[in-house]
Amino acid sequence: MKDALKSTTLGIQHLLAMYAGAIIVPLTIGKALQLNPTQLTYLVSIDILMCGIATILQLFSNRFTGIGLPVVLGCTFTAVGPIIAIGGEYGVSAIYGSIIASGVIIVLIGGFFGKLVKFFPPVVTGSVVTIIGITLIPVAIQNMGGGQGAADFGSLSNIALAFGTLILIILIYRFSTGFIRAISILLGLGVGTIAAIIMGKVSFAPVGEASVFHMVQPFYFGYPTFEWSAILTMTLVAMVSLVESSGVYFALSDICERRLTEKDLAKGYRAEGLASLIGGIFNAFPYTTFSQNVGLIQMSGVRSRKVIFITATMLIGLGFLPKLAAVTTIIPESVLGGAMIAMFGMVVSQGIKMLSKIITDSQENSMIIACSVGIGLGVTVAPDLFAALPTGLQILTSNGIVAGSITAIILNILFNMLPGKRKQAVVVTSKQSA
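None of these values were measured; they are calculated from a predicted model.

(A) How the structure looks around helix α10 (residues 228–255). If you check α10, its first and last C-alpha atoms are 41 Å apart, about what 28 residues at 1.5 Å a residue would give, namely 40 Å. Most of α10 is tucked away, with 21 of its 28 residues classed as buried. Glu257 occupies a position one or two residues after α10 and carries a positive phi of about 55°.

(B) Quick look at the packing of aromatic side chains. Going through the model one piece at a time under the given rule, you end up with 11 aromatic pairs. Each ring, one from Tyr96 and one from Phe221, has its centre 6.2 Å from the other, and the planes form 5°; the classification is stacked. Of this pair, Tyr96 sits in helix α4 (residues 92–114) while Phe221 sits in the loop between α9 (205–209) and α10, and the two are 125 residues apart along the sequence. One exposure class covers both Tyr96 and Phe221, and it is buried. Their ring planes at 80° and their centres at 5.7 Å tell us that Phe113 and Tyr269 sit as a pair that is edge-to-face.

(C) Summary view of the packing of helix α5 (residues 122–144) against helix α18 (residues 400–417). The contact between α5 and α18 brings their axes to 9 Å, and the two run at 160°. Our classification of the angle between α5 and α18 gives roughly antiparallel. In this structure, α5 crosses over α18, and the sense of that crossing is right-handed. Facing Val123, Val124, Ser127, Val128, Ile131, Ile132 and Thr135 of α5, the residues of α18 in contact are Gly400, Ile401, Gly404, Ser405, Ala408, Ile409, Asn412 and Asn416. Residue classes in the contact of α5 with α18 are distributed as eight nonpolar, seven polar and no charged.

(D) Examining the pattern of salt bridges more closely. Enumeration according to the criterion identifies three salt bridges in this entry. With its nearest N and O atoms 3.5 Å apart, the salt bridge here joins Asp254 to Lys357. Linking Asp254 in helix α10 with Lys357 in the loop between α15 (333–356) and α16 (363–381), this pair joins segments that are 103 residues apart in sequence. Between Arg258 and Asp264 there is a salt bridge, and its shortest N-O distance comes to 3.3 Å. For Arg258, a relative accessible area of 27% gives the class partly exposed. For Asp264, a relative accessible area of 11% corresponds to the buried category.

(E) Structural context of the side chain of Asn158. As for its placement among the helices and strands, Asn158 is situated in helix α6 (residues 156–175). Once residues within four sequence positions are removed from consideration, Asn158 is found in contact with Met144, Gly145, Gly146, Asp152, Phe153, Lys201 and Ser334.

(F) Fine view of the environment of Ala251. The residue Ala251 is located in helix α10 in this model. A C-alpha to C-alpha distance of 7.3 Å links Ala251 and Gln350, two positions 99 residues apart in sequence. If we skip the residues at most four places from it in the chain, Ala251 touches Val129, Val294, Gln350 and Met354.

(G) Representation of unusual backbone geometry within the structure. If you check the backbone angles, Phe219 has positive phi at about 55° while not being a glycine. Mapped onto the secondary structure, Phe219 falls in the loop between α9 and α10. Judged by its relative accessible area of 26%, Phe219 falls in the partly exposed class. The residue Asn283 is not glycine, and still its phi comes out positive at about 65°.

(H) Structural view of the state of the cysteines. Within the structure shown, the criterion is met by zero disulfides. In this model Cys75 remains outside any disulfide bridge; the closest cysteine sulfur is found in Cys51, 5.2 Å from its own.

(I) Focus on the nonpolar core. Ranked by size, the top nonpolar core spans 112 residues in total, and within it Ile83, Ile185, Leu189, Phe285 and Tyr287 carry the most contacts. Looking at this core, the element that brings in the most residues is α10, giving 12 residues. Among residues more than four places away in sequence, those in contact with Ile83 are Ile29, Ile95, Ile99, Met234, Phe285 and Pro286.

Cut-off values and rules
- Residues numbered from 1 in each chain as written.
- Predicted model: local features only at pLDDT ≥ 70, side-chain atom pairs only at ≥ 80, totals over all residues.
- Heavy atoms only, no water.
- Helix = DSSP H or I, 4+ residues; strand = E, 2+ residues; numbered from the N terminus.
- Expected span 1.5 Å × (residues − 1).
- Buried < 20%, exposed > 50% of the residue type's maximum accessible area, 1.4 Å probe, protein only.
- Phe/Tyr/Trp six-rings, centres within 6.5 Å; stacked < 30°, edge-to-face > 60°.
- Axes fitted to C-alpha atoms, helices over the stretch in contact; angles between N-to-C directions.
- Parallel < 35°, antiparallel > 145°, perpendicular 65-115°, else oblique.
- Left-handed = near helix turned anticlockwise from the far one by under 90°.
- Contact = heavy atoms within 4.5 Å.
- Nonpolar A, V, L, I, M, F, W, Y, C, P; charged D, E, K, R; others polar.
- Salt bridge = Lys/Arg side-chain N within 4 Å of Asp/Glu carboxyl O.
- Disulfide = S-S within 2.5 Å.
- Core = buried A, V, L, I, M, F, W, Y, C linked by side-chain atoms within 4.5 Å.

Rendered as structure tokens:
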């Protein structure tokens, strides 16, 4: 009974860690497409439910799908812009037609992507994980101030709640051990929210307005239509998400001390494609691994898939119960921001740990790390840098994680994989032997 309670509590902590990131995608897209309140409620609820299903598809490995790591899936932020553009040009039906088609394509080519494991040595994966953590920090900072566009952004009350939550998490982590340390994020969020309630900064209106129960249905927004340009766009978005997910896979494999093979990667990619296919049928979105939870796993030290399965089950349950799902939305942005600093910082820490093993191996590795991290952070700070490029290329360059990851992959090929480089290494070794 005690173990079950601990696992459930840890599952709730993972739920809270990813919930805000999970709902922001449907909220942003729904408002951009001018959906009515009923449609928007459905969109958010089905998204949460599909996050749970997509996570389960990855948790349990079989011959065809599933990476078998404690990974949590949510909507990919990379898809927001393209989905809004497709909806504006072709309508909502074309959005889901393109998501379904791209999901099928990813399932079919998953085996090919699995062969790319040789392009992800530690210098690349460590750089990618570091970039993921660094590029998430601005999200945490925005939340600490109250959220982007908030009327009271940067107010003393928001700063006090954010740093109060962060300091409490640090103190719990420093002066406790075992289970209490493992749920330090959850305790910080709870106490921070209580403080916000006392300060009058929490509204319970979303809970009161949400319905108690609803039933999901396929093709809620109508039957899909298929436009070639939309399908190509979403397929490219899906491939970009696979690059981003690869970094998370390798970060978790390092934490869990498990070596990934080409077959493992292929099954992980197929699971993401299958999740997007099912999501498109039920009018959700493409899914990718959430790096927020990597930091939480590293911070808590709990690597059990059982805990993530509990999180996935909760997500599915919340998808049917909008009123219960609304409860988690009352946590103020500033409180979330304080907790995010600790979680996202731990992702950076994991990346540095991976890089520390190889950065002294060669000057070339130092250059790969320097340029990829620099590009990743730079694009995050100035996302409009490549606005003049064609739309298809902007998908690769407007996201710091993707731009930095691609830079790391290309530079690793240039410095460490080209035949000339390998030949030079052999010559140097021969001279040294002589």
